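Structure at a glance
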Amino acid sequence: QVQLVESGGGLVQAGGSLRLSCAASGRTFSGYAMGWFRQAPGKEREFVAGIRSDGGGTLYADSVKGRFTTSRDNAKTTVYLQMNSLKPEDTAVYYCAAAFGIVSYTPTQQDRYNYWGQGTQVTVSS
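So, here's what we can say about the structure. (Residues numbered from 1 in each chain as written. Predicted model: local features only at pLDDT ≥ 70, side-chain atom pairs only at ≥ 80, totals over all residues. Heavy atoms only, no water.)

Here we look at the overall build of the chain
Counting secondary structure elements, the chain contains 0 helices and 11 strands. Considering only C-alpha atoms, the chain reaches an extent of 40 × 25 × 25 Å along its principal axes. The burial tally for the chain puts 45% of its 126 residues in the buried class. In the chain, of all internal contacts separated by at least 6 residues, the share reaching a separation of at least 24 is 60%. Accessible area for the chain stands at about 6000 Å²; split by element, carbon and sulfur atoms hold 47% of it. (Helix = DSSP H or I, 4+ residues; strand = E, 2+ residues; numbered from the N terminus. Buried < 20%, exposed > 50% of the residue type's maximum accessible area, 1.4 Å probe, protein only. Contact = heavy atoms within 4.5 Å. Areas by Shrake-Rupley, 256 points an atom, 1.4 Å probe, with all protein chains shown as cover.)

As structure tokens, then:
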């Protein structure tokens, strides 16, 4: 089992920044890729960013490319999502997810991720 706990969400004005953290426990952190997804009200959950088990292979949705950065600290078993230049359309519940056993690439499909955090709310006001 892998337990994931997100933190860092909140309310921010458009143009502002937030950093989300996701602390993992339960299995060897370097043994899985990590992803960030989000779900806005009335919309399906979508891929935001992902990072390979070794910290490389970062991928981003087009809507956040150039504004969001994901990173991981395997020693601290934590993955981060730095969000800059936030827009009202970034408002959503953000989830981190672990793709246990996937070490060679960064998956973008939700069904590749087998552990999920509880989510953290990000609200961007205009």
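Regarding the state of the cysteines
Throughout the structure, instances matching the rule amount to 1 disulfide. One disulfide bridge connects Cys22 with Cys96, the sulfur atoms lying 2.0 Å from each other. One disulfide, between Cys22 and Cys96, carries an S-S torsion of 50° and so falls in the right-handed class. With Cys22 in strand S3 (residues 18–25) and Cys96 in strand S9 (residues 92–100), the pair connects residues that are 74 residues apart, well separated along the chain. For Cys96, a relative accessible area of 0% puts it in the buried group. (Disulfide = S-S within 2.5 Å.)

With respect to the packing of aromatic side chains
In total, this model carries 6 aromatic pairs according to the counting rule given. Chaining the aromatic ring pairs together yields one cluster made of Phe37, Phe47, Tyr113 and Trp116. Lying across the ring of Tyr95, Arg45 places its NZ or CZ 5.3 Å from the centre. (Phe/Tyr/Trp six-rings, centres within 6.5 Å; stacked < 30°, edge-to-face > 60°. Lys NZ or Arg CZ within 6 Å of the ring centre and 35° of its normal.)

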